[in-house]
Amino acid sequence: MAPRIDIVTIFPDYFQPLELSLIGKAQADGVVEIAVHDLRQFTDDVHRTVDDTPYGGGAGMVMSPEPWGRALDSVLGEDSVLVVPTPAGEVFRQSVAREFVETPHLVFACGRYEGIDHRVVEYYRDRVSVREMSIGDYVLGGGEVATLVMLEAVIRLVPGVVGNPESLVEESHELPGVEYPNYTKPASWRGLDVPEVLLSGHHDKIRQWREDQSAERTKKNRPDLLD
């Protein structure tokens, strides 16, 4: 069963790309259910304030806990996993995407500024599974981009989203290393030719070439995966 997905953000329009391409089609076909919630709807002041200055001083603003508490109370259930994008989180990998696709209900909390008051994570960790996730060793303006990245990785694994399931097998981070290079017609383009072995029709030789290319590419671009 595909996961239900709720997203809480102060920028709901950020998630319009989810209406496009395979994810948009999956939603239209009822394969995936996604709901986006505006955090400002859970405030009670005229300015719809969602942040305040940090205790202890320092630059930037911190997102206030109460709007988050109200928003998350409205969407979380016993089977939910709360995903909090943060550069301080564990690294999101393909293995996590496979784990998330088996989760009945994912809730993404998209922080901004200096992040969400940490008591929100502490509070909900006692009630549901909480995963603080990072998509890499850099800092973004907020959790929306990271959420889009994770959703793309997760939803494409949902049965029925990608037309040919075999395309999910031989690709980077499903193989032992990264994927081998791919080519299509024409056989010659701007003086560059498709490797002859791919035109040979010899499946064993093609398989060996792809394994060799994958190993070489992994060694060059991602030697860390060799560990």
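Look up a bit, the structure's there.
Let me sum up the structure you'll find in this document.

What to know about the pairing of strand β1 (residues 4-9)
Buried residues dominate β1, accounting for five of its six residues. Pairing analysis gives six bridges linking β1 to strand β2 (residues 33-38), with the strands arranged parallel. Residue pairing for β2: Thr-9 is matched across the bridge by Asp-38. Crossover β1 to β2 through helix α1 (residues 21-28) is right-handed.

Details of the side chain of Asp-117
Inspection of the secondary structure assignment puts Asp-117 in the loop between β6 (105-109) and α4 (119-125). Within the local environment of Asp-117, its side chain forms a polar contact with the side chain of Arg-119, the two groups lying 2.6 Å apart. For Asp-117, the residues in contact, after removing those within four places along its chain, are Val-62, Met-63 and Pro-65.

What about unusual backbone geometry?
A cis amide bond, omega 5 degrees, links Lys-185 with the succeeding residue Pro-186. The topology assignment puts Pro-186 in the loop between α5 (143-155) and β8 (188-189). Phi is positive for Arg-48, which is not a glycine, with a value near 55 degrees. When you line up the elements, Arg-48 lands in the loop between β2 and β3 (51-52). The phi torsion at Tyr-113 lies on the positive side, around 60 degrees, for a residue other than glycine. With respect to the helices, strands and loops of the structure, Tyr-113 is situated in the loop between β6 and α4. Overall, the relative accessible area of 39% leaves Tyr-113 in the partly exposed class.

So, how was this worked out
Residues numbered from 1 in each chain as written. Predicted model: local features only at pLDDT ≥ 70, side-chain atom pairs only at ≥ 80, totals over all residues. Heavy atoms only, no water. Buried < 20%, exposed > 50% of the residue type's maximum accessible area, 1.4 Å probe, protein only. Helix = DSSP H or I, 4+ residues; strand = E, 2+ residues; numbered from the N terminus. Pairing = 2+ DSSP bridges. Right-handed = clockwise from strand over helix to strand, strands pointing away. Polar contact = N/O pair within 3.5 Å; in protein donor to acceptor, adjacent residues only side chain to side chain. Contact = heavy atoms within 4.5 Å.

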